[in-house]
Amino acid sequence: MIQQLKTFCGLIVCCLSASSVPAQTKQDVPPVVHSVIGTKTDVNNGEMTLTLVDKKQAFNWSDQKTLDKNINSPKSVNITHDGKKFYINSLEGCATVVYDMATGKRLKVITYQFDDSYASLWSPVSSFFPFTHYTKNLNTFAGKPVESCFSHNGRYLWIPFYRRTYDINAQDPSALAVIDTQNDTIIKLMETGPLPKMIACSPDNHYIAVTHWGNNTVGLIDCSSDNPADWKYTDKLVIDKELILNFSMTTPVNRDSDSGYCLRGTVFTPDGNYLLVGCMSGANGIAVIDMKTHKYQGRITGMMANLRHMLIHDGWLYLSINNSGNVQRIKLETFLNVARKMNGKNAILNGWQTCKVAAGARTIVISPSGRYIFAACNVDSKLCIVDTRTMKMIGSAPVDSYPVGLDISRDGQTVIVTSQGRGENKGGNAVNIFHVNYRDPEPVPTEAVPLYQQDSSSTQAASFFLNAGLCLKG
């Protein structure tokens, strides 16, 4: 059965895969490009230099130095708080690949091929996400990992699966795995709602939010205990209206578009009082959830449409806008002043600052000082850099085709980009690793401190603490 699952997972690459790219004709697909190790990119006359120092790829099997056959449509990357390891979620490989940061050596491949032997790891089933189509062998499947987030000061890594491989249209509950980063083993499995993509941990380490692209819902897990056995769902939050899913069980449909608001970017405010969830499609905007009452307050619009990713740093709320290729921001307090008065009604907020980057802006991260935003731009195959002091793009570095995922080390000196595959087009399937040299040094981070001891002004709170999000798509 396990071998059958491996074959099934490896062969199914179609419109329902989590590539989150809308159906395109061959003419619409951007050309394939590849980066070259050693390439240096000068940004703004020496203000910054990016050097491509390493690569992991599975498109050129003759290049044994960079070849890693486990890199199969890499969706996202997470760098540990101590900067010693990084994790690549290999979507179509149904695995998370762990690397040593200093040497680039692969340390482990965590595979998601589940059967009855994993029964002891499953959390008791909640009442929030019932199965409505499938009834047998529910926990025998391969999982397609999407995004990730750390909890407990980096001890645990939470990874949701786009779908269980037997659920071809992602209409029944999917699942997530929790990895103990001390030994890189799966220590817990939990169900989720349909088609989860983004996942975020609250600053006080009390809640994990699992955002479901598939049906306009968000699951809340209480993870406040240090004992994983105590973690459990406490709520299912509905953004306007939960979708009723009743697709074919034999013919794939395009769930990248048949998914309501296509919930994506997800971030807690630094005080933990609100959870913000981006709506990439449908009505657009940012859904606001009051974490004191666990009530949905309404949506704030006014930013550009097709919002994909969000992060908060030093009093600013930053957004990536996928289709038009922009980065936007607004003062967080300005946003919250509107959010506090919503009372269940939607609101329009104007005054967003906008910076044009490149087409297909997906994940964004920010340097420790907050001076620079890095944006993975999928269509133009670029890593773009924005100066937040002027909100102008000051440069870009070439990366392998179709970048989507992105993370930055706590010292700001390493930026890692994942380039997702695109079926027959043979692009993507690569991880680009950059060393970043700043003319004006970034702040030197001190030892990592628990999330609950940090505040919104701390430069120690690098992007992996407050990050969010990856349309239509992504």
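This structure is a prediction, so every number in the text was calculated from the model and none was measured. (Residues numbered from 1 in each chain as written. Predicted model: local features only at pLDDT ≥ 70, side-chain atom pairs only at ≥ 80, totals over all residues. Heavy atoms only, no water.)

Quick word on the overall build of the protein chain
Right, so step 1: When helices and strands are counted, the protein chain shows three helices and 32 strands.
Right, so step 2: Taking all 474 residues of the protein chain together, 61% fall into the buried category.
Right, so step 3: Of the roughly 17,400 Å² of accessible surface on the protein chain, a fraction of 50% belongs to carbon and sulfur atoms. (Helix = DSSP H or I, 4+ residues; strand = E, 2+ residues; numbered from the N terminus. Buried < 20%, exposed > 50% of the residue type's maximum accessible area, 1.4 Å probe, protein only. Areas by Shrake-Rupley, 256 points an atom, 1.4 Å probe, with all protein chains shown as cover.)

Focus on the sheet that holds strand S14 (residues 207-212)
Right, so step 1: Spatially, S13-S14-S15-S16 is the arrangement adopted by the four strands of the open sheet, whose pairing is antiparallel. Of all strands in the sheet, those with a lone pairing partner are strand S13 (196-201) and strand S16 (232-238), marking the two edges. Taken over all neighbouring pairs, the strand axes of this sheet differ in orientation by 20 degrees on average, direction set aside.
Right, so step 2: Note that S13 and S14 share four bridges and pair antiparallel. When the bridges of S14 are listed, Pro 196 appears paired with His 212. (Pairing = 2+ DSSP bridges. Axes fitted to C-alpha atoms, helices over the stretch in contact; angles between N-to-C directions.)

What to know about the pairing of strand S5 (residues 95-100)
Right, so step 1: The element S5 is extensively covered by neighbouring structure, given that five of its six residues are classed as buried.
Right, so step 2: Bridge count for strand S4 (residues 85-90) against S5 is six bridges, and the pairing is antiparallel. By the bridge assignment, Ser 90 is partnered in S5 with Ala 95.
Right, so step 3: Where S4 folds back onto S5 in an antiparallel hairpin, the turn is made up of four residues, including Cys 94, whose phi is positive at roughly 50 degrees.
Right, so step 4: Following S5, the chain reverses through five residues before pairing antiparallel with strand S6 (residues 106-111); Gly 104 in that reversal takes a positive phi of roughly 75 degrees.

Regarding the side chain of Thr 217
Right, so step 1: Within the secondary structure, Thr 217 sits in strand S15 (residues 217-222).
Right, so step 2: Within polar-contact distance, the side chain of Thr 217 engages the side chain of His 212 at 2.8 Å.
Right, so step 3: Side chain to side chain, Thr 217 and Asn 215 meet in a polar contact 2.7 Å long. (Polar contact = N/O pair within 3.5 Å; in protein donor to acceptor, adjacent residues only side chain to side chain.)

A few points about the sheet that holds strand S18 (residues 274-279)
Right, so step 1: If you trace the five strands from one edge of the open sheet to the other, you get S17-S18-S19-S20-S24, paired in mixed fashion. Both edges of this open sheet fall to strand S17 (263-268) and strand S24 (347-348), since each of them pairs with a single strand only.
Right, so step 2: Bridging between S17 and S18 involves four bridges; their strand directions are antiparallel. Looking at S18, one finds that Leu 263 is bridged to Cys 279.

A word on the nonpolar core
Right, so step 1: Leu 276, Ile 286, Leu 317, Leu 319, Phe 335 and Trp 352 are the most contacted members of the largest nonpolar core, which has 21 residues in total.
Right, so step 2: Sorting the residues of this core by element identifies S18, strand S19 (285-290), strand S21 (307-313), strand S22 (316-321) and helix H2 (332-339) as the ones contributing at least two each.
Right, so step 3: What Phe 335 contacts, discounting residues up to four positions off in sequence, is Leu 276, Ile 286, Val 288, Ile 300, Leu 317, Ile 330, Leu 349 and Trp 352. (Core = buried A, V, L, I, M, F, W, Y, C linked by side-chain atoms within 4.5 Å. Contact = heavy atoms within 4.5 Å.)

Here's the deal with the packing of aromatic side chains
Right, so step 1: Considering all chains together, one arrives at 16 aromatic pairs under this definition.
Right, so step 2: When the ring of Phe 141 is compared with that of Phe 161, the centres are 6.4 Å apart and the planes differ by 70 degrees; the resulting orientation is edge-to-face. One end of the pair, Phe 141, is in strand S8 (residues 141-145); the other, Phe 161, is in strand S10 (residues 156-164), with 20 residues separating them in the sequence.
Right, so step 3: Phe 161 sits in the buried class, given a relative accessible area of 0%.
Right, so step 4: Above the face of the Trp 213 ring, Lys 197 is positioned so that its terminal group lies 3.6 Å from the ring centre.
Right, so step 5: Over the aromatic face of Tyr 402 sits the side chain of Arg 422, whose NZ or CZ is 4.4 Å from the ring centroid. (Phe/Tyr/Trp six-rings, centres within 6.5 Å; stacked < 30°, edge-to-face > 60°. Lys NZ or Arg CZ within 6 Å of the ring centre and 35° of its normal.)

Some details on the side chain of Thr 414
Right, so step 1: Turning to its location among the elements, Thr 414 is positioned in strand S31 (residues 414-419).
Right, so step 2: If we ignore the near neighbours within four places in the chain, the residues touching Thr 414 are Ile 79, Met 101, Asp 407, Ile 408, Ser 409, Ile 433 and Phe 434.

Topic: the confidence of the model for the protein chain
Right, so step 1: This prediction gives the protein chain a mean pLDDT of 89; 87% of its residues lie at or above 70.
Right, so step 2: Note on residues 1-27: pLDDT is under 50 here. Beyond four places in sequence and across chains, it has 66 contacts.
Right, so step 3: The low-confidence segment residues 448-473, where pLDDT is below 50, has 105 contacts with residues more than four positions distant or belonging to other chains. (pLDDT = per-residue confidence, 0-100.)

What about unusual backbone geometry?
Right, so step 1: One non-glycine residue, Asn 216, lies in positive phi territory at about 70 degrees.
Right, so step 2: Counting through the fold element by element, Asn 216 comes out in the loop between S14 and S15.
Right, so step 3: Given a relative accessible area of 3%, Asn 216 falls into the buried group.
Right, so step 4: At Asn 429, a position not held by glycine, the phi torsion is positive, near 55 degrees.
Right, so step 5: Within the secondary structure layout, Asn 429 lies in the loop between S31 and strand S32 (430-438).

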